[in-house]
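Fold and contact review
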Amino acid sequence: MFWHTGESESGHVAFAFTDRIGGESDGPWESLNLGTSNGDDAGLVQRNIELVRGAMRVNRLVRMTQVHGADVAWTADVGDGDVPVADALLTDQIGVGVLVRVADCAPIVLAAAHEPLAGVVHCGREGLVRGVVPTAVEALRDRGASAIEAWIGPRACGRCYELPEAMADGVAKVVPEARSTTSWGTPAIDVGAGVVAQLLAEGVHVNDLGAEECTIERDEWFSYRRQGQDSGRFGAIAVIR
């Protein structure tokens, strides 16, 4: 169920990155699919989400409808059962978990080093350009975060994330560190390298856990580029203890 678990240096925040193991979905979504927009049975997906919630020992698990934007939502503003439209979901509520779901984009966990503040971020090509990562960091600082640490999970690597040249150039114009070339010599971007660069530019301490993983290359992960519409979603969760 969990590929990696950890906590912030202060111990205020616990987090985990999921894998594909330990859920109830079958077929192309086998087995811990956390996504509801891909054809999987909604009841099974909800049970998978509940399995993750229970394993993380959170009172409430809030997720978001991700649209490759830069909007930030706070759990205190989200009613029970509501799903905000956002690509960064932050919390200052003890026991309330936040969930981000991905299938090639980068899942990111953020935690204040000393204050009870945490969040998750969804960042792909468009998120890099629109600045969802620095926007989320700024939102945490506006709530009082004096120092921030980040953990980045598995995503499509720069050797595989092929794009038309004009599109790759557009990303590199905003985040030069994201420019890459596929292993077969065509234009690409490295989302992870771009996220790392944006976090470092904001003075965030970075732990790149997924640096050696690639969702496209390895079927341990769901991948939209490899599986198409049948792709499930894995994710990351953070909770303040």
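What you are looking at is a predicted structure, and each value in this text was computed from that prediction instead of being measured.

Conventions and cut-offs
Residues numbered from 1 in each chain as written. Predicted model: local features only at pLDDT ≥ 70, side-chain atom pairs only at ≥ 80, totals over all residues. Heavy atoms only, no water. Pairing = 2+ DSSP bridges. Helix = DSSP H or I, 4+ residues; strand = E, 2+ residues; numbered from the N terminus. Axes fitted to C-alpha atoms, helices over the stretch in contact; angles between N-to-C directions. Contact = heavy atoms within 4.5 Å. Buried < 20%, exposed > 50% of the residue type's maximum accessible area, 1.4 Å probe, protein only. Lys, Arg positive; Asp, Glu negative; His and termini not counted. Salt bridge = Lys/Arg side-chain N within 4 Å of Asp/Glu carboxyl O. Polar contact = N/O pair within 3.5 Å; in protein donor to acceptor, adjacent residues only side chain to side chain. Left-handed = near helix turned anticlockwise from the far one by under 90°. Nonpolar A, V, L, I, M, F, W, Y, C, P; charged D, E, K, R; others polar. Expected span 1.5 Å × (residues − 1). Arc of directions from axis to C-beta.

Turning our attention to the sheet that holds strand S8 (residues 118-123). Taken in spatial order, the six strands make up an open sheet running S4-S5-S8-S7-S9-S12, and their pairing is mixed. Edge positions in the sheet fall to strand S4 (72-74) and strand S12 (205-208), since each has one partner strand and no second. For this sheet the average axis-to-axis angle between neighbouring strands, irrespective of direction, equals 20°. Pairing of S4 with strand S5 (residues 88-91) involves three bridges; the strand directions are parallel. Bridging from a neighbouring strand, Ala73 pairs with Leu89 of S5. Along the sheet, helix H3 (residues 132-142) contacts S4, S5, strand S7 (106-112), S8 and strand S9 (148-152); its crossing angle with S8, the most-contacted strand, is approximately 165°.

Take the pairing of strand S13 (residues 234-240) next. When you tally the buried positions in S13, you get seven out of seven residues, the bulk of the element. Of the two faces of S13, the one carrying Phe234, Ala236, Ala238 and Ile240 and the one carrying Gly235, Ile237 and Val239 are both buried. Sheet topology places strand S2 (residues 13-18) next to S13; five bridges connect them, and they run antiparallel. Paired with Phe17 across the two strands is Ala236, which belongs to S13.

Time to look at the sheet that holds strand S3 (residues 60-62). Pairing between the strands of a sheet is mediated by backbone hydrogen bonds and can be parallel or antiparallel. Taken together, the five strands give an open sheet; going across it, the order is S1-S2-S13-S6-S3, and neighbouring strands pair in mixed fashion. Both outer strands of the open sheet, strand S1 (2-7) and S3, are each paired with one neighbouring strand and no more. Going across the sheet, the axis of each strand differs from the next one's by a mean of 20°, ignoring polarity. Looking at chain direction, S1 and S2 are connected through five bridges and run antiparallel. Residue pairing in the sheet places Glu7 in a bridge with Ala14 of S2. Most of the contacts of helix H1 (residues 42-56) go to S2, to which it runs at about 145°, and overall it touches S1, S2, S3, strand S6 (96-102) and S13.

Moving on: the pairing of S8. Of all six residues in S8, six are buried; the element is thus mostly enclosed. The sheet contact formed by S5 and S8 spans four bridges and is antiparallel. By the bridge assignment for S8, Thr91 is matched with Ala118. Pairing between S7 and S8: six bridges, direction antiparallel. When the sheet's bridge partners are listed, Leu110 is paired in S8 with Gly119. Following S7, the chain reverses through five residues before pairing antiparallel with S8.

Let's shift gears to the side chain of Asp40. Positionally, Asp40 belongs in the loop between S2 and H1. Although Asp40 lies buried, it forms no salt bridge, and the closest oppositely charged side chain, Arg47, sits 9.3 Å away as judged by the N-O distance. Polar side-chain contacts of Asp40 include one of 2.5 Å to the side chain of Ser25. Side chain to side chain, Asp40 and Asn33 meet in a polar contact 2.8 Å long. Not counting residues up to four positions away in its chain, the partners in contact with Asp40 are Ser25, Trp29, Asn33 and Val45.

Relative to each other, H3 and helix H5 (residues 191-201) sit at 35°, their axes nearing to 9 Å. Crossing hand, H3 versus H5: right-handed. Facing Val133, Pro134 and Val137 of H3, the residues of H5 in contact are Val195, Gln198 and Leu199. For the contact of H3 with H5, a count of residues per class yields five nonpolar, one polar and no charged.

All right, on to H1 then. In this model H1 runs 21 Å from its N-terminal to its C-terminal C-alpha over 15 residues, within 8% of the 21 Å that 1.5 Å per residue would give. For H1, the set of buried residues is Leu44, Val45, Asn48, Ile49, Val52 and Met56. Buried residues of H1, seen end-on, are gathered within an arc of 140° and therefore sit on one face of the element. Where the residues of H1 are buried, they touch S1, S2, S3, S6 and S13. Sitting at the amino-terminal end of H1 is Asp41, which places a side-chain oxygen 2.9 Å from the backbone nitrogen of Gly43. Just beyond H1, the residue with positive phi is Arg57, at close to 55°.

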